[in-house]
Amino acid sequence: MADQLPTEFDVVIIGTGLPESILAAACSRSGQRVLHLDSRSYYGGNWASFSFSGLLSWLKEYQQNSDIAEESTASRQGLIHETEEAVTLRKKDETIQHTEVFCYASEDVDDGVEEMEALQKSPSSATSSATPNPLHSACLSEETHSFHAASYETPAKDTPKSDGEVSLEVTDVEDTLAKEEYCGDETRIPAVSDGDKDGKKPVEKDSTDQPKRKKITYSQIVKESRRFNIDLVSKLLYSQGLLIDLLIKSNVSRYAEFKNVTRILAFREGKVEQVPCSRADVFNSKELTMVEKRILMKFLTFCLDYEQHPDQYQAFVQCSFSEYLQTKKLTPNLQHFVLHSIAMTESSCSTIDGLKATKNFLRCLGRFGNTPFLFPLYGQGEIPQCFCRMCAVFGGIYCLRHKVQCLVVDKDSGKCKAIIDHLGQRINAKYFIVEDSYLSEETCSNVQYKQISRAVLVTDQSILKADSDQQISILVVPPVESGTCAVRVTELCSSTMTCMKDTYLVHLTCSSSKTAREDLESVVKKLFTPYNETEVDQEECTKPRLLWALYFNMRDSSGISRSSYEGLPSNVYVCSGPDCALGNEHAVKQAETLFQEMFPNEEFCPPPPNPEDIIFDGDDKPPEAPGTNNIIMAKVDSSEGSKNLESPEKHLQN
């Protein structure tokens, strides 16, 4: 199909990241003819998720750093008229830098030979078990590539909701464990209580039945590769955030399942503690004194409607949020909790930004669970694919592994008229949306990019033990030195379908000041200990053992103004890659803004029509304007469904 594409479209989109995928769905839903292309072999770009072996293959593409043969320009000479000029696009993705891989787990040669050969994996020769082994060569068979690409074709596990019903599928750990055999059958989410915060509360099972820490080898990880879904970017969804609202409004939520983040942690004085979120958690906590509980509740109540009390913060607008907290009679313990575990901001952020972040955290509590956050099963990479699925349902055409040589720009009007793909086909369109990484060096010559430092770890146990081993946790580790950034840590258990049984997948993220390893390694050492075979049976080894680690820097192209790009045609719109923030607000705002610029009179991702109300050409039509009435009915039904979603929220809030 790729070599016989139609030559006329309304919108051509290059790149399948989250903002591009949302735009594709919105344009297709509004009746535009959409062509969605990506030169990569997978959906999502830097928002993608990979199996373990798929990640190794992705790494190899960047580590090879091989020269890419120049595309022949002869095939496009006859396709560009005298009044037009070509704007060449970048041939190689340069958004990922400083990739470093370390394997701490031992390699079980007897069990792993076949798997290693099948994956064409050649790790460095084994050294002492306490020393990490850098992995410089990794490749993936075509089978795994096709598996990830096929994930677009296969719908998510949940079934579509009935007509007029709009809801968001949030799966409890108990439900998932009942469905997934490998996750066990007796774990549960404990209520957030004082005994869980330091892991000292006794487990309900008999202590004699407690399993010892299992030995996990590298070959086991490779063998269970498909149990992993490793995100390139680590994000969570705020339960009252823009992305959740868009998923519900557009009914794209039916393509995905979500799981509650079960706990929010804090790192203070070398210890990991659980942070009380709800009113009940605060008053049940033994970490706080009674005075601290009252002070904290009073401050949080103020933050919920701080705009109504400007006299309490107006004098501190020019101060940092950290300085403002000191004036509110909060103890150092409470200041730490509010700054790093509730507002989740830097100490240097302004008072207004800190109050906004605190209010956003509090208003998201209780909608779908005890914390403000949700995580998509199978990883963040599912979300762009869900919107791509919606675009395809409304007629959008998709082509992966499809490169674009250049944009064709009219010299007189300065507008882009077409693209020319790697097959030499000219495809005309009215609007063009391009992901930043595809733009050439000349176009981006004046752009100043930021960087994100990322680490992905595989560990053998949670950073804070609890009754259940199926916990999803978020932790912010404050900076030690001035001028450095706090590090956000997200820990995922096997019930999120992102890692194999008896392991945890840990994501570390911060704004870059150096290479990712230099920025993040100190935090890794605080929370984890490298795997050491001699310690496998030693109970005094309290920290989780680090089995495998990946460090890399990712370009942050958010916040760049259109004027920074050199010679950009007026009908070409640029989408940025992932930003460093925890949520997805920037991607949704950017998609909606660009859509309104292109189609100011169209609604952004309206609710889908009720299938029973759709009238096809040739059907018998009632005498009165049926099309308009049917469309109105569909909107009314969907809005009623949205209202039905809000009702349980009120009961869940504390």
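Refer to the structure presented above.
About the cut-offs
Residues numbered from 1 in each chain as written. Predicted model: local features only at pLDDT ≥ 70, side-chain atom pairs only at ≥ 80, totals over all residues. Heavy atoms only, no water. Helix = DSSP H or I, 4+ residues; strand = E, 2+ residues; numbered from the N terminus. Buried < 20%, exposed > 50% of the residue type's maximum accessible area, 1.4 Å probe, protein only. Contact = heavy atoms within 4.5 Å. Areas by Shrake-Rupley, 256 points an atom, 1.4 Å probe, with all protein chains shown as cover. Disulfide = S-S within 2.5 Å. 1 Å grid on protein atoms, 1.4 Å probe; cavity = no way out; pocket = protein on both sides within 12 Å on 5 of 7 lines; lining within 4 Å. Points joined across faces, edges and corners; volume = space filled by probe spheres on them. Nonpolar A, V, L, I, M, F, W, Y, C, P; charged D, E, K, R; others polar. Domains from an automatic or database assignment. Phe/Tyr/Trp six-rings, centres within 6.5 Å; stacked < 30°, edge-to-face > 60°. Lys NZ or Arg CZ within 6 Å of the ring centre and 35° of its normal. Core = buried A, V, L, I, M, F, W, Y, C linked by side-chain atoms within 4.5 Å. Expected span 1.5 Å × (residues − 1). Pairing = 2+ DSSP bridges. Axes fitted to C-alpha atoms, helices over the stretch in contact; angles between N-to-C directions. Polar contact = N/O pair within 3.5 Å; in protein donor to acceptor, adjacent residues only side chain to side chain. Parallel < 35°, antiparallel > 145°, perpendicular 65-115°, else oblique. Left-handed = near helix turned anticlockwise from the far one by under 90°.

Q: With reference to specific residues and values, describe the overall build of the protein chain.
A: The helix and strand tally for the protein chain stands at 17 helices and 25 strands. Going through the 654 residues of the protein chain one by one, you find that 55% of them count as buried. Nonlocal contacts in the protein chain, meaning residues at least 24 apart in sequence, comprise 76% of its contacts between residues at least 6 apart. Summing over all exposed atoms, the protein chain offers an accessible surface of approximately 28,700 Å²; the carbon and sulfur share of this is 48%.

Q: Tell me about the state of the cysteines, residues and numbers included.
A: Where two cysteines share a covalent bond between their sulfur atoms, that bond is called a disulfide. Summed over all chains, the structure comprises zero disulfides. Unpaired in terms of disulfides, C391 finds its nearest cysteine sulfur in C388, a separation of 7.0 Å. You can see C485 has no disulfide; the closest cysteine sulfur is in C510, sitting 6.1 Å from it. When its relative accessible area of 30% is taken as the criterion, C485 is described as partly exposed.

Q: Mind laying out the layout of surface pockets, listing which residues take part and the relevant values?
A: By volume, the second largest pocket amounts to about 1,100 Å³. Contributing to the lining of the second largest pocket are 38 residues, with Y238, M344, T345, A581 and L582 lying nearest its centre. Contributions of two or more residues to the lining of the second largest pocket are made by helix 13 (351–364), strand 19 (450–459), strand 21 (487–492), strand 22 (504–511) and helix 16 (585–598). Looking at the lining of the second largest pocket element by element, the count peaks at six residues for helix 13. Here the residues of the lining of the second largest pocket are counted per class, giving 17 nonpolar, eleven polar and ten charged. There are two domains that each give the lining of the second largest pocket at least three residues, and those are domain 1 (8–93 + 378–447 + 560–598) and domain 2 (227–377 + 449–556).

Q: Let's hear about the packing of aromatic side chains: which residues, and what values?
A: Within the structure shown, the criterion is met by 17 aromatic pairs. Seen in terms of ring centroids, Y42 and F50 are 4.8 Å apart; in terms of plane orientation they differ by 75 degrees. Their pairing is edge-to-face. Each member of the pair, Y42 together with F50, is buried. With a centroid separation of 5.6 Å and 55 degrees between ring planes, the pair formed by F595 and F604 is classed as tilted. Classification of F604 as buried rests on a relative accessible area of 4%. Feature note: the residues Y42, F50, W58 and F552 constitute an aromatic cluster, connected by ring pairs. The ring of Y449 carries R555 above its face, with NZ or CZ at 4.1 Å from the centroid.

Q: Describe unusual backbone geometry, with residues and values.
A: Even without glycine at this site, K329 takes up a positive phi of about 60 degrees. You will see that M344, though not glycine, has its phi angle at about 55 degrees, which is positive. Turning to its location among the elements, M344 is positioned in the loop between helix 12 (332–342) and helix 13. Taking relative accessible area as the criterion, M344 reaches 18% and is therefore assigned buried.

Q: Explain helix 8 (residues 242–250) to me, and be specific about the residues and the numbers.
A: Residues of helix 8 that are buried include every one of L243, I244, L246, L247, I248 and S250, and no others. One or two steps after helix 8, the chain reaches N251, where phi turns positive at roughly 65 degrees.

Q: Explain the nonpolar core to me, and be specific about the residues and the numbers.
A: Counting 103 residues, the largest nonpolar core has F299, F321, F373, L508 and W548 as its most contacted members. Here this core takes eight residues from strand 24 (residues 545–556), the largest share from any one element. Counting contributing residues per domain, this core is built from domain 1 (8–93 + 378–447 + 560–598) and domain 2 (227–377 + 449–556), each supplying no fewer than three. Contact partners of F299, with chain neighbours within four places excluded, come to F321, Y324, L325, K328, L330 and V338. Membership of the second largest hydrophobic core comes to 46 residues, among which are Y43, F258, A587 and A591.

Q: A description of helix 1 (residues 18–29) should follow, citing residues and the corresponding values.
A: Between its first and last C-alpha, helix 1 extends 16 Å over twelve residues, near the 16 Å set by a 1.5 Å rise per residue. Counted residue by residue, helix 1 has twelve buried out of twelve residues, so it is predominantly covered.

Q: I'd like a description of the sheet that holds strand 14 (residues 397–399), backed by residues and values.
A: Reading across the sheet, the five strands line up as 14-2-1-18-25 and stay open at both edges, with parallel pairing between neighbours. Strands with a single pairing partner mark the edges of an open sheet, and in this sheet they are strand 14 and strand 25 (572–575). Each neighbouring strand pair of the sheet contributes to a mean axis angle of 15 degrees, computed without reference to strand direction. Two strands pair when backbone bridges link them, and strand 1 (residues 11–14) and strand 2 (residues 34–37) are joined in this way by four bridges, in the parallel orientation. Looking at strand 2, one finds that V12 is bridged to L35.

Q: Go over the environment of N46, please, and point to the residues and values.
A: Inspection of the secondary structure puts N46 in the loop between strand 2 and strand 3 (49–50). Overall, N46 belongs to the buried group, its relative accessible area being 8%. Along the sequence, N46 and L232 sit 186 residues apart, while their C-alpha atoms lie 6.0 Å from each other. Beyond its immediate sequence surroundings of up to four residues, N46 is in contact with D93, T95, I96, L232, V233, M554 and P578. There is a polar contact of 3.0 Å between the side chain of N46 and the side chain of T95.

Q: Please give an account of the packing of helix 8 against helix 14 (residues 382–393) that cites residues and values.
A: At a minimum axis distance of 12 Å, the contact between helix 8 and helix 14 shows a crossing angle of 30 degrees. Comparing their axes, helix 14 and helix 8 come out roughly parallel. When you trace helix 8 past helix 14, the crossing you get is left-handed. Two secondary-structure elements touch here, helix 8 through L243, L246, L247 and S250 and helix 14 through I383, F387 and M390.

Q: Give a detailed account of the pairing of strand 24, specifying residues and quantitative values.
A: Among the twelve residues that make up strand 24, twelve are buried, leaving the element largely enclosed by the rest of the structure. Pairing of strand 5 (residues 96–103) with strand 24, which is carried by six bridges, proceeds in the antiparallel orientation. Residue pairing across strands places I96 opposite M554, the latter belonging to strand 24. Here strand 19 runs beside strand 24; their pairing, made up of ten bridges, is antiparallel.

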